[in-house]
Amino acid sequence: MIRPSFDITPATIANPEWEQAILVLEVAPNFLGCVWYNQPKQKLLGLRHYNVEDTNDESSVHMMTELLNNDVYLNTPVSRIVMVYHFPESSLVPESHQSAELNRPVLDLMFG
């Protein structure tokens, strides 16, 4: 299994603290960042960063799937999960602001 490149997590998980925590996941094609924060106590519980690169043996998708399925910290129940998608070429906007006419100048500028 892939190991974190940066890891500040406790040796054991104190369930009451973690059940009140927010898990913030930053997902990108080549890394996964994880922050566990107990908002009521204003306490950082853990921080991890994984570099995920394609290798000759495994694809990054396979490594990420294995990581999400097998990591004890990522599978510990939390009160809320917030995901941040780190894909600079993509933009998520509310549906009320989505319009093909408004996007055309930006798309033309970016892609010609």
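Residues numbered from 1 in each chain as written. Predicted model: local features only at pLDDT ≥ 70, side-chain atom pairs only at ≥ 80, totals over all residues. Heavy atoms only, no water.

## A few points about the overall build of the protein chain
A tally of regular secondary structure across the protein chain gives 3 helices and 5 strands. If you list the helices and strands of the protein chain from N to C, you get β-α-β-β-β-α-β-α. Counting all 112 residues of the protein chain, 27% fall into the buried class. Contacts spanning at least 24 positions in sequence make up 57% of the contacts within the protein chain whose residues lie at least 6 apart. Total accessible area on the protein chain stands at roughly 8000 Å², and carbon and sulfur atoms take up 56% of it. (Helix = DSSP H or I, 4+ residues; strand = E, 2+ residues; numbered from the N terminus. Buried < 20%, exposed > 50% of the residue type's maximum accessible area, 1.4 Å probe, protein only. Contact = heavy atoms within 4.5 Å. Areas by Shrake-Rupley, 256 points an atom, 1.4 Å probe, with all protein chains shown as cover.)

## A look at the sheet that holds strand β5 (residues 80-85)
Taken together, the 5 strands give an open sheet; going across it, the order is β1-β4-β3-β2-β5, and neighbouring strands pair in mixed fashion. The sheet terminates laterally at β1 (6-8) and β5, the two strands that pair on one side only. Recorded for the sheet is a direction-independent mean angle of 15 degrees between the axes of neighbouring strands. Pairing of strand β2 (residues 21-28) with strand β3 (residues 31-38) involves 8 bridges; the strand directions are antiparallel. Across the sheet, the residue bridging to E26 is G33, located in β3. Against the sheet, helix α2 (residues 60-70) touches β2, β3 and β4 (43-51), its axis set at about 20 degrees to β3. (Pairing = 2+ DSSP bridges. Axes fitted to C-alpha atoms, helices over the stretch in contact; angles between N-to-C directions.)

## Structural notes on the nonpolar core
Buried together is how nonpolar side chains tend to be arranged in soluble globular proteins. Ranked by size, the top nonpolar core spans 18 residues in total, and within it L23, L25, L32, C34, W36, Y50 and L74 carry the most contacts. Of all the elements in the fold, those that place two or more residues in this core are β2, β3, β4 and α2. The element that contributes the greatest number of residues to this core is β2, accounting for 4 residues. Excluding residues within four positions of it along the chain, L32 makes contact with L25, E26, V27, R48, H49, Y50, M64, L67, L68 and L74. (Core = buried A, V, L, I, M, F, W, Y, C linked by side-chain atoms within 4.5 Å.)

## A few points about the pattern of salt bridges
Here the structure, examined in full by the defined rule, presents 4 salt bridges. K41 is paired through a salt bridge with E17; the nearest N and O atoms lie 3.8 Å apart. One end of the pair, K41, is in the loop between β3 and β4; the other, E17, is in helix α1 (residues 15-19), with 24 residues separating them in the sequence. The partly exposed category is assigned to K41, whose relative accessible area is 49%. Residue classification places E17 among the buried residues on the basis of a relative accessible area of 16%. Salt bridges linked by common partners bring D7, R48 and D71 together as one network. (Salt bridge = Lys/Arg side-chain N within 4 Å of Asp/Glu carboxyl O.)

## Notes on the pairing of β3
Of all 8 residues in β3, 6 are buried; the element is thus mostly enclosed. Between β2 and β3, which follow one another and run antiparallel, lie 2 residues. Counting the residues between successive antiparallel strands, the hairpin from β3 to β4 contains 4 residues, one of them, Q42, with a positive phi of roughly 50 degrees.

## Digging into a nonpolar patch on the surface
Taken together, the side chains of I81, M83 and Y85 make up a nonpolar region of the molecular surface, amounting to roughly 320 Å² of accessible area. Considering the arrangement of structural elements, one finds I81 in strand β5. (Patch = residues over 30% accessible without salt bridge, like charges linked within 9 Å, V, L, I, M, F, W, Y side chains within 5 Å.)

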